[in-house]
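Residue-level listing of the chains:
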Amino acid sequence: MAAYLSRLHHISLHVSNAEKIANALVRKFKFKLFATRVTDGSNQLAFRKGAAVFVVNEKPNQCSVRLDEEHHDITGKCFSDLYSGNGGKYNQYNSANFLYDVSPHHSVDTVSNVCFEVEDVERSSRALRHQGCTFLVPPTTVQDENGLVTYSVVKSIVGNVCHTLIDRSKYEGIFLPGFDVTEKDCSLPEEDMSCPITHFDHITYACPRKTTHQVMGWYEKLFGFQRFFIDSNEDVEEGLVIDQEGIGLRLTAMEYWKCSKAGIVLPSVEKKEPDCKFVIAESLPEQGRNQVDTFLAQHRAPGIQHIGLYTKNIVSTAHVLAEAGVQFFSPPPTYYTEVGKQQEIEEAGHSPQMLAQHGILLDADLHQDPLSQTASSENKRYLLQVFTKPIFAEDTFFLELIERRGATGFGEGNIRALWRSVQAYMENERGGSQEEGSPKTVKTAQC
Ligand SMILES: O=C(O)C(=O)Cc1ccc(O)cc1
Ligand SMILES: [Fe+2]
């Protein structure tokens, strides 16, 4: 049985300099720091914008406990011992480790934990363990004066990505026990009209070649995810293959539905609101090096390549963020003057000049979803996207703004335009393509 997910709770980053990322999230991306957990050995900062919550974990120094492949143990005992560092007794406020997460000891900054709310952590963890999942933290309860929270941490099939499963139904505090809430009035999504980012739209994984089916199968079997089609050019078996112009990408997408009764709701019967989507990107052989290859080389493992932040108004959001110093990829200026694109933009009620200002891409060429019955409103669907330059020192993780106007998938045209922008950036700003896994030499445009 799958462990059905109630909703995405937060996404966590592991970085060597939390202050730097905190500054970027607050000053540039307009997130608010609202909860902190600072101990001798760890620094955890929680930021939110609407329902999107990031937890930034500052990587501990060398002397901390090492949790890596050879220490993994599905019984959990070994992890309790390792995790507490105090004679095997699990300590919920252990100063040497991250609460609600593990210390991944990844060599570069990384986004490595997607935390989901579930209704019953014990039962979900049992079900997953029966299916062979590796638990990095067994079900554990943490409490404070506002109630209690139970969580576990399961290793995913994708590189260093793991999932914290959390039940906070018996907790009335603003965030999680163990964190000090610094900003009490952001429990409700704030209405920020100029920068209306409301939630995480999707998470894109960069995966090695020929692993898409395995990854999809894992999420389908264990969490009840379902495949959905990115667009009608997509082959059921092959996914969306973009192999012209040396792009060489295979994309496949899946989603799950927010459910209130974890483990009981049958997604096929009770299709409610879809939550955050997941995109799996792998590069195709015999094409030039693309963003996925660069990610795998510089991140040194498969993992989270980018996250799409949903905004109700991408033009205004991109403007506010750019003013604050966020750098976006821009397609060549001709993108906005090509007859077809210009017309598409105008028909969607936008101004090519306004979109060009921050590199916003529009894809109205979204075909009918083969499973969808709503052909009549098809021509009104479109999608606006803009991609930031890398967030960390390496060319790995980046953010995206996305505004959906009826479109539920992703725009092939936008992916092509993004590819051209990245190529130009690699050639001009990064000083040509990099050697596999080599540290970057030019750091001109980190976001
Ligand atoms: O279009 C999107 O937002 C996607 O998430 C698809 C995607 C995946 C990988 C890339 O390197 C670029 C685009
Ligand atoms: Fe994306």
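What counts and what doesn't
Residues numbered from 1 in each chain as written. Chains lettered and ligands numbered in written order. Predicted model: local features only at pLDDT ≥ 70, side-chain atom pairs only at ≥ 80, totals over all residues. Heavy atoms only, no water. UniProt positions renumbered as here; feature names shortened; annotations may be inferred. Donors = N, O, S within 2.8 Å, 3.2 Å for Na, K, Ca; no water. Helix = DSSP H or I, 4+ residues; strand = E, 2+ residues; numbered from the N terminus. Buried < 20%, exposed > 50% of the residue type's maximum accessible area, 1.4 Å probe, protein only. Domains from an automatic or database assignment. Contact = heavy atoms within 4.5 Å. Salt bridge = Lys/Arg side-chain N within 4 Å of Asp/Glu carboxyl O. Polar contact = N/O pair within 3.5 Å; in protein donor to acceptor, adjacent residues only side chain to side chain. Nonpolar A, V, L, I, M, F, W, Y, C, P; charged D, E, K, R; others polar. Near = heavy atom within 4 Å. Areas by Shrake-Rupley, 256 points an atom, 1.4 Å probe, with all protein chains shown as cover. Pairing = 2+ DSSP bridges.

- Naming follows an unreviewed UniProt entry, where the protein appears as 4-hydroxyphenylpyruvate dioxygenase of Channa argus.
- For the record of the protein, the UniProt heading Function (unreviewed entry) holds the text "Catalyzes the conversion of 4-hydroxyphenylpyruvic acid to homogentisic acid, one of the steps in tyrosine catabolism."
- Checking UniProt for the protein, the heading Catalytic activity (unreviewed entry) contains the comment "3-(4-hydroxyphenyl)pyruvate + O2 = homogentisate + CO2".

1. So, the coordination of the iron ion (ligand 2)
Next up, step 1: Distances from the iron ion (ligand 2) to its protein donors, His202 (NE2), His306 (NE2) and Glu400 (OE), fall within 2.0 to 2.1 Å.
Next up, step 2: On the primary sequence, the residues serving as donors to the iron ion (ligand 2) are separated as H-x103-H-x93-E. Taken together, the positions of His306 in strand β15 (residues 303-311) and Glu400 in strand β18 (residues 398-405) put the pair 94 residues apart, joining distant regions of the chain. Grouping residues by exposure puts His306 and Glu400 together as buried.

2. Considering the domain arrangement of the protein
Next up, step 1: Looking at the assigned domains, one finds that the protein contains domain 1 (5-61 + 95-181) and domain 2 (197-259 + 274-366 + 381-432).
Next up, step 2: Computed over C-alpha atoms only, the centres of domain 1 and domain 2 are separated by 25 Å.
Next up, step 3: Across the boundary between the two partners, domain 1 contributes 40 residues, which contact 42 residues of domain 2.
Next up, step 4: Between the two partners, domain 1 and domain 2, sit zero salt bridges.
Next up, step 5: If you look at where domain 1 meets domain 2, you find five residue pairs in polar contact (both at pLDDT 80 or more).
Next up, step 6: Elements that contribute at least two residues to the side of domain 1 that touches domain 2 include exactly β1 (7-15), α1 (18-28), β4 (52-58), β5 (110-117), β7 (147-155) and β8 (162-167).
Next up, step 7: It is β1 that contributes the most residues to the side of domain 1 that touches domain 2, five residues altogether.
Next up, step 8: Along the lines of polarity and charge, the residues of the side of domain 1 that touches domain 2 split into 23 nonpolar, ten polar and seven charged.

3. Considerations on the site of ligand 1
Next up, step 1: Lining the immediate surroundings of ligand 1 are 13 residues, of which Thr204, Gln291, His306, Gln385 and Glu400 lie closest.
Next up, step 2: His306 places a polar side-chain atom, nitrogen or oxygen, 2.9 Å from an oxygen atom of ligand 1.
Next up, step 3: The contact in question runs from an oxygen atom of ligand 1 to an N or O atom on the side chain of Glu400, over 2.9 Å.
Next up, step 4: Expressed as a share of its isolated accessible area of 340 Å², the protein-covered part of ligand 1 is 100%.
Next up, step 5: Across the shell around ligand 1, the residue classes break down as six nonpolar, six polar and one charged.

4. Digging into the pairing of β8
Next up, step 1: Here β8 lies mainly inside the structure; six of its six residues are buried.
Next up, step 2: By the alternation rule, side chains of β8 split into Cys162, Thr164 and Ile166 and His163, Leu165 and Asp167, which are all buried.
Next up, step 3: As paired strands, β5 and β8 are joined by three bridges and run parallel to one another. If you follow Phe116 over to β8, its bridge partner there is Leu165.
Next up, step 4: Across six bridges, the pairing between β7 and β8 is antiparallel. Within β8, the residue paired with Lys155 across the bridge is Cys162.
Next up, step 5: Hairpin connection of β7 to β8: six residues between the antiparallel strands, including Gly159 at a positive phi of 45 degrees.

5. Observations concerning the sheet that holds strand β6 (residues 135-144)
Pairing between the strands of a sheet comes from backbone hydrogen bonds, and it takes one of two forms, parallel or antiparallel.
Next up, step 1: The mixed open sheet is built from nine strands, whose spatial order is β6-β7-β8-β5-β1-β4-β3-β2-β9. Of all the strands in the sheet, just β6 and β9 (180-181) have a single pairing partner and so form its edges.

6. Focus: the pairing of strand β13 (residues 249-255)
Next up, step 1: Of all seven residues making up β13, seven are buried, and the element is well covered by its neighbours.
Next up, step 2: Both faces of β13 are covered, namely the face carrying Leu249, Leu251, Ala253 and Glu255 and the face carrying Arg250, Thr252 and Met254.
Next up, step 3: Bridge count for strand β11 (residues 226-228) against β13 is three bridges, and the pairing is antiparallel. Directly across from Phe228, in β13, lies its bridge partner Ala253.
Next up, step 4: The pairing of strand β12 (residues 240-242) with β13 spans three bridges and is antiparallel. Within β13, the residue paired with Leu240 across the bridge is Leu251.
Next up, step 5: A loop of six residues connects β12 with β13, the two strands running antiparallel in sequence, and Glu245 in this loop sits at a positive phi of about 55 degrees.
Next up, step 6: Here β13 runs beside strand β14 (residues 277-283); their pairing, made up of six bridges, is antiparallel. Directly across from Arg250, in β14, lies its bridge partner Glu282.

7. Focus on helix α5 (residues 291-299)
Next up, step 1: Buried residues dominate α5, accounting for eight of its nine residues.
Next up, step 2: Every buried residue of α5 is accounted for by Gln291, Val292, Asp293, Thr294, Phe295, Ala297, Gln298 and His299.
Next up, step 3: Sitting at the head of α5, Asn290 places a side-chain oxygen 2.9 Å from the backbone nitrogen of Val292.
Next up, step 4: Looking one or two residues beyond α5, the residue adopting positive phi is Arg300, at roughly 65 degrees.

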